[in-house]
Structure formats: structure tokens, C-alpha cells
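Chains, contacts and geometry: an overview
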Amino acid sequence: MSSMSRKEFLRNSALASLGLAPTITAAGTPRHWLQRLKGKQGRAKNIIFMVSDGMSSGTLALADLVKQRQFGQQTSWLSLYDSTGRKYHRGLMDMASLDSPVTDSAAAASSWGGGKRINNGAINMSPDGRKYKPIAEIFRDAGKKTGLVTTTRITHATPAGFASNVPDRNMEDTIAMQYLERGYDLLMGGGARHFEKESREDGKDLFAGFRAKGYSIVSEKSQLQSAGKDKLLGIFSDSHLPYTIDRKNDSDLNASVPTIAEMTKVALNRLDGLSNGFLLQVEGGRVDHGAHGNDAAALIYDQIEFDEAVKVALDYTAGRDDTLLIITTDHGNANPAVNGAGDRYSDSGAMLDNIQQFRHTNEWILSELDQNSTNSEILDRVEEATDIGITKKQAQMIRKSMNGTLTTVYEAKDSPKAVLGSVLANYLSINWLGTVHTSDYVELAALGPGIEEMDAFTRNTELFDMMVTLAGVTEYAAG
Ligand SMILES: [Zn+2]
């Protein structure tokens with residue numbers, strides 16, 4: 001055995017012993033809880049799948065702490081565990097992709113949407129080009145309605161993982177075309193640039209295509225209420241929707257861009273009451289971007305706003321037994337947390353409260369700065385966004401990170417966004433592990449039929465089997 005093939009052999013046996021083949025144990029039998037679920041086939045007429053993208057456990061806690069300290073209220077997600085008295089499942093989920101313990105959003109959403117672990121970067125396609133039928137197509141073929149709601153471009157990885165097949169997640173023009181061809185009922189988010197003929201590589205006008213297929217097309221929040229009862233395409237931005245805190249402090253954006261909770265409400269109003277039921281995915285997509293950016297205000301207020309959408313879904317499912325509601329995330333990201341600060345950590349709370357005076361994101365701060373910015377320009381810009389007066393030395397470190405002369409101990413943290421995030425950690429006490437996804441086992445909550453069968457530790461692909469079984473659409477999953 002050559003050293004190479006021996007290594008491969010060891011790796012494969014390790015994978016087999018871990019039972020990483022989707023839903024099948026090393027012995028080749030389906031996992032027990034999925035087997036038990038078969039007796040509950042068809043119990044869930046509707047499925048609502050809510051995903052806060054890139055939400056580390058620390059992010060859930062941060063949003064809850066800030067919501068309590070600033071608004072005097074628990075998040076809806078945590079109050080589900082704490083005070084509502086409703087029956088729920090709570091567990092951890094292993095989100096690994098086929099080629100890494102650290103997944104990206106494309107492989108993660110595909111594991112739920114297509115039932116298979118695939119390589120990072122692909123959407124419902126195996127490394128050798130096999131296509132896995134995505135769950136929105138399965139539900140459509142079963143006569144159910146399908147909807148996707150996100151704060152990113154609607155062609156981004158997480159919604160696409162429920163609805164398309166491409167070898168590379170960056171093929172967003174193709175993903176938009178697949179949405180048109182596959183005829184999903186409701187699409188809301190950003191990403192106009194993948195629908196407009198001026199910006200599409202093939203020069204095709206997809207808005208005209210959707211219109212010809214009978215969709216109502218809206219681009220402003222105010223048009224949502226008057227949109228016809230037919231299919232809906234709501235695209236509210238050229239790229240991603242703005243971060244919550246940037247939107248709230250810009251009256252034009254506030255008037256034109258709906259919140260994720262507003263979009264979720266519209267979606268449920270339109271999909272509710274159908275005899276065959278529906279599948280709706282709702283993604284708080286920019287929580288992930290806030291984490292990548294080490295951007296505390298972006299992260300926390302987008303998570304709090306995602307939580308408002310969770311409330312809409314919890315209200316919708318209250319008192320009914322025909323809807324499976326899943327609330328989760330696809331991976332950790334940058335693993336933020338409040339660090340203990342001061343004598344016996346007594347300064348941490350007050351430092352965290354400094355977030356309440358932020359008017360803009362770190363992304364907003366950095367958008368007007370570059371390597372030619374002076375220390376005082378940096379100081380002023382940070383203060384305008386945060387009310388925090390950083391020191392000259394800190395401004396200088398930010399400036400050096402922008403011209404590439406700052407050296408950090410952990411090299412992945414030498415970028416301007418990481419350095420700004422670390423500088424502000426001296427005032428907020430919120431610090432970051434890095435600027436990328438992590439391998440955390442993620443938080444998973446579920447309500448509705450079938451949850452009593454779930455194991456406390458699940459694998460990503462099992463949610464696909466769970467949804468298809470409970471909705472009674474298994475026969476449409478093939479092909
Ligand atoms: Zn990400």
C-alpha cells in the first residue's frame with residue numbers, strides 16, 4: 001500500500017466509522033429516529049425553515065443580551081426555551097460538508113435541501129456532476145407551494161440550496177434562470193443584478209420573463225400589500241439588502257426595504273390556507289456577513305431582526321399541529337462573545353451597552369476609508385458611527401492594516417475589518433475568533449409534528465429526510 005492510498009484508506013475508514021454517509025450508519029441501516037418518523041408520514045402539511053446564516057452560539061447569546069438590556073425583552077428564540085410553555089425540540093447539529101468539517105453556506109443548505117453532503121461551493125451537485133433534486137422542486141411536484149425569503153441576494157447560497165443545482169454557487173445568473181424555469185411561487189430578497197438584462201451576462205431580461213409567467217413584481221416595500229394574489233417576485237436591492245442598523249438610520253432605505261419579519265408575514269399570508277400546504281425558507285442572511293466583518297452592530301441588530309421573523313413564525317404555528325417549524329443556523333462564524341472585563345468582570349455589561357449608541361456598521365466606517373486616510377480621518381469616521389473616541393495609536397493600527405504593514409500574531413486577523421473589530425473590542429468587550437466560518441455543532445430548534453422522535457444530536461442531511469417524510473412527499477424525491 002503506497003503512503004497516499006494508505007492515507008486515503010485510513011480517512012475512508014474513519015468516515016465510515018463516524019457514520020458520515022448521509023442518514024445511514026456504518027452498519028448500513030437508517031438511523032433510528034428517522035425510521036421511527038416513518039410512522040408519522042404526511043403529518044406536516046406545511047414546513048417553515050428558518051436559518052440565521054453564520055450564527056455562532058455566541059451570536060444567539062449576544063442578541064439576547066442586547067435585546068434585554070436595550071429593549072427590556074428576551075428574544076423570541078430564547079423565550080421559546082424559557083417561558084412559552086410550548087413543546088419544542090432542542091439539540092445540536094453536525095453541519096460538516098463532504099470535503100471539510102467547516103462548511104460553507106452552499107454545501108450546508110444543500111445538505112438540508114438535497115439530502116446529501118457535497119463539497120463546499122457547490123449547490124446540490126456531487127463532485128462528479130450528479131444533480132440532487134432540491135426540496136423546493138420536490139414540494140412543487142407534490143402540488144405544494146414554495147417560497148424563499150432572504151436578506152441577501154435571492155440567488156445566494158442558502159435559498160439556492162433549497163431550489164437549484166449548480167456546480168459553483170457564484171453562478172447566480174444561472175440560479176435566477178432556474179428559479180424562473182422551475183416556477184417557484186414566492187421569492188423575496190435582494191439581487192436585482194441577476195434579473196436585469198443590463199447586468200446579466202446573457203443579456204436576458206428575467207423580470208420580463210417572470211412577468212410573462214404571471215408573477216407580480218415588486219421592488220418597494222409599499223407595493224407589497226397591493227401585489228396581486230398570483231406568484232410573487234419581490235426584489236428590493238441590486239445586491240444584498242442593507243444591514244438593519246444602516247437601514248434604520250437612512251430614511252430612504254427604511255421606506256423602501258421591508259424587514260425580514262415583514263417579508264415573512266407577507267409570505268405566510270400568501271401561502272397560508274392552501275389545501276396542499278407549503279414549504280417556506282426564511283434566511284437572515286447577513287448575520288453571516290456581520291460575523292465575517294467582525295462587525296458587532298451589523299451582527300447583533302440583524303440577529304435581533306431575524307428574531308422578529310422567528311416571532312412571526314412562532315405566532316403562525318401557535319395552536320396548530322400541521323406545520324413543522326425548524327429554527328437553526330448553517331454554521332458558526334468568527335465565534336463572537338462578550339469577554340470578561342474589569343475587576344471580577346464588572347465592566348463587561350456597561351461596555352456591551354456601548355453598542356446601543358452605534359448608528360452605523362463597521363462596513364459603513366470602512367467604506368469611506370483607504371490606505372491614504374489620515375489618523376484623524378479614521379478617528380472622525382469611527383466616532384461618527386459609534387460615538388467612541390478611539391486613540392491615535394488605535395487609528396494608526398487601522399491605517400497600517402489598510403496599507404498592509406500591520407503584523408498580527410494570528411495572521412488571518414491582519415485585515416482592516418478584523419483590526420477595526422479588535423480595536424472596538426476594547427470598548428464593547430465583544431471579541432472575535434477570526435473572520436471565517438467555524439466547525440461548531442450548531443443550535444437546532446424545532447416545533448410541530450414528529451419532533452418527539454428527534455435525537456438530541458443530528459446530522460444536517462437528516463433534516464432533509466425529516467421534511468420529506470413528514471410532508472409525505474417521498475415519492476417525488478426521486479429523479
Ligand atoms: Zn459566510
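Residues numbered from 1 in each chain as written. Predicted model: local features only at pLDDT ≥ 70, side-chain atom pairs only at ≥ 80, totals over all residues. Heavy atoms only, no water.

Points about the overall build of the protein
A tally of regular secondary structure across the protein gives 20 helices and 14 strands. For 479 residues, the compact-globule formula gives about 23 Å, and the C-alpha radius of gyration of the protein, at 23 Å, lands near that figure. Once the C-alpha set of the protein is aligned to its principal axes, its extents read approximately 65 × 65 × 50 Å. Counting only residues that meet the buried cut, the protein has 57% of its 479 residues in that class. (Helix = DSSP H or I, 4+ residues; strand = E, 2+ residues; numbered from the N terminus. Rg over C-alpha atoms; globule rule 2.2 N^0.38 Å. Buried < 20%, exposed > 50% of the residue type's maximum accessible area, 1.4 Å probe, protein only.)

Re the sheet that holds strand 2 (residues 89-94)
Pairing is mixed across the open sheet formed by ten strands, whose spatial order is 5-6-4-3-7-1-8-13-2-14. Each end of this open sheet is capped by a strand with a single partner; those strands are strand 5 (216-218) and strand 14 (457-459). The mean angle between the axes of side-by-side strands here comes to 15°, regardless of whether they run parallel or antiparallel. Sheet analysis places strand 8 (residues 323-328) next to strand 13 (residues 442-447), joined by four bridges and oriented antiparallel. Pairing of Ile327 across the sheet is with Ala445, part of strand 13. Lying on the sheet, helix 14 (residues 296-317) is in contact with strand 1 (46-52), strand 7 (278-284), strand 8 and strand 13; it crosses strand 1 at an angle near 165°. (Pairing = 2+ DSSP bridges. Axes fitted to C-alpha atoms, helices over the stretch in contact; angles between N-to-C directions. Contact = heavy atoms within 4.5 Å.)

So, the confidence of the model for the protein
For residues with low pLDDT, the predicted coordinates do not support detailed interpretation. Residues with a pLDDT of 70 or more make up 94% of the protein, whose mean pLDDT is 93. This model gives residues 16-28 a pLDDT under 50, and the stretch forms 22 contacts once residues within four places in sequence are excluded. (pLDDT = per-residue confidence, 0-100.)

Describing the packing of aromatic side chains
Following the criterion strictly, the structure yields ten aromatic pairs and no others. Aromatic side chains Phe49 and Trp112 sit 4.7 Å apart centroid to centroid with 45° between the ring planes, which places their arrangement in the tilted category. Here Trp112 lies in helix 5 (residues 105-113) and Phe49 lies in strand 1, a separation of 63 residues in the sequence. Its relative accessible area of 0% is what places Phe49 among the buried residues. Between Tyr179 and Tyr184, the aromatic rings sit 6.2 Å apart at their centres with planes inclined by 70°, giving edge-to-face as the arrangement. Here the basic side chain of Arg286 rests over the ring of Tyr243, its NZ or CZ set 3.9 Å away from the ring centre. Between Arg381 and the ring centre of Trp364, over which it is positioned, the NZ or CZ distance is 3.5 Å. (Phe/Tyr/Trp six-rings, centres within 6.5 Å; stacked < 30°, edge-to-face > 60°. Lys NZ or Arg CZ within 6 Å of the ring centre and 35° of its normal.)

A closer look at the coordination of the zinc ion
All of the protein donors around the zinc ion are Asp288 (OD), Asp288 (OD), His292 (NE2) and His437 (NE2); their distances to the metal are 2.0 to 2.6 Å. For the zinc ion, the four donor atoms in the first shell make angles of 53 to 141° at the metal, so the coordination geometry reads as irregular. Read N to C, the donor residues that coordinate the zinc ion are spaced as D-x3-H-x144-H. Placement of Asp288 in helix 13 (residues 286-292) and of His437 in strand 12 (residues 437-438) is noted, with a sequence separation of 149 residues between them. For the pair Asp288 and His437, one class covers both residues: buried. (Donors = N, O, S within 2.8 Å, 3.2 Å for Na, K, Ca; no water. Tetrahedral: all angles 85-135°; square planar, octahedral: opposite > 155°, others 65-115°.)

Some remarks on the domain arrangement of the protein
Frequently, the measure chosen for interface size is the accessible area removed from exposure when the parts meet. For the protein, the domain assignment lists domain 1 (28-335 + 437-476) and domain 2 (337-431). Relative to domain 2, the C-alpha centre of domain 1 lies at a distance of 32 Å. Between domain 1 and domain 2, the residue contacts involve 20 residues of the former and 22 residues of the latter. At the boundary of domain 1 with domain 2, total buried surface from both sides reaches about 1600 Å², with 58% on carbon and sulfur atoms. Counting across the domain 1 and domain 2 interface gives two salt bridges. A salt bridge links Arg69 to Asp353; its shortest N-O distance comes to 2.7 Å. Here domain 1 and domain 2 share nine residue pairs in polar contact (both at pLDDT 80 or more) between them. (Domains from an automatic or database assignment. Buried area = accessible area lost by both parts, 1.4 Å probe. Salt bridge = Lys/Arg side-chain N within 4 Å of Asp/Glu carboxyl O. Polar contact = N/O pair within 3.5 Å; in protein donor to acceptor, adjacent residues only side chain to side chain.)

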